[in-house]
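Secondary and tertiary structure notes
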Amino acid sequence: MINPQDLLLKILTIIEYSDNKDKFVDEFILNIHLQTFLDLISTLPTDKQEELKLILARSSNHADKVTRTLSIYFSQAQIKGAFEVASRDSIEKYIEAINDTLSNDQRQELIKLL
């Protein structure tokens, strides 16, 4: 899979996004990370979910602590896989949401890109 940041920047260029692209991408990627964490946590037994939620709530302002905590419960392969799924799903949903505002040329360029 192509790097989600690069893919999003290409999408924003194709759709002629006029606001701050880097800010948009940073916020979008942050949301993907949050979705990844939620997806991973939902795979745990209920008691472990609650335990992890409490730990993460106390560490929410420290990304490195959140990452270390998740690595206790999940392998790097699981985290990477969940991130890739969340990235793909989020980007697909974004494109679906803006589809009606796109020209035919923009749609064709996005199809080629994806």
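Right, let's walk through the structure included here. (Residues numbered from 1 in each chain as written. Predicted model: local features only at pLDDT ≥ 70, side-chain atom pairs only at ≥ 80, totals over all residues. Heavy atoms only, no water.)

1. Describing the overall build of the chain
Across its full length, the chain carries 6 helices and 0 strands. Dimensions along the principal axes, computed over C-alpha positions, put the chain at roughly 50 × 25 × 20 Å. Averaging the positions of the 13 positive and the 18 negative side-chain charges in the chain gives two centres separated by 5 Å. (Helix = DSSP H or I, 4+ residues; strand = E, 2+ residues; numbered from the N terminus. Lys, Arg positive; Asp, Glu negative; His and termini not counted. Charge placed at Lys NZ, Arg CZ, Asp CG, Glu CD.)

2. What about the packing of helix H1 (residues 4-14) against helix H2 (residues 21-41)?
In the contact formed by H1 and H2, the axes pass within 10 Å of each other and the chain directions differ by 135°. It follows that H1 is oblique to H2 by the angle criterion. The hand of the H1/H2 crossing is right-handed. When H1 is examined against H2, the residues Pro 4, Gln 5, Leu 8, Leu 9, Leu 12 and Thr 13 are found in contact with a partner set consisting of Lys 21, Asp 22, Phe 24, Val 25, Phe 28 and Ile 29. (Axes fitted to C-alpha atoms, helices over the stretch in contact; angles between N-to-C directions. Parallel < 35°, antiparallel > 145°, perpendicular 65-115°, else oblique. Left-handed = near helix turned anticlockwise from the far one by under 90°. Contact = heavy atoms within 4.5 Å.)

3. Description of unusual backbone geometry
The phi angle at Glu 16 is positive, at roughly 60°, despite the residue not being glycine. Under the relative-accessibility criterion, Glu 16 is labelled exposed at 63%. (Buried < 20%, exposed > 50% of the residue type's maximum accessible area, 1.4 Å probe, protein only.)

4. Side note on the packing of H1 against helix H6 (residues 104-113)
Orientation of H1 relative to H6, taken along the N-to-C sense of each, is 165°, at an axis distance of 10 Å. Viewed along their axes, H1 and H6 adopt a mutual orientation that is roughly antiparallel. Taken as a pair, H1 and H6 cross one another with a handedness that is right-handed. In this structure, H1 contributes Leu 7, Lys 10, Ile 11 and Ile 14 to the contact, and H6 contributes Gln 106, Glu 109, Leu 110 and Leu 113. By residue class, the composition of the contact of H1 with H6 is 5 nonpolar, 1 polar and 2 charged. (Nonpolar A, V, L, I, M, F, W, Y, C, P; charged D, E, K, R; others polar.)

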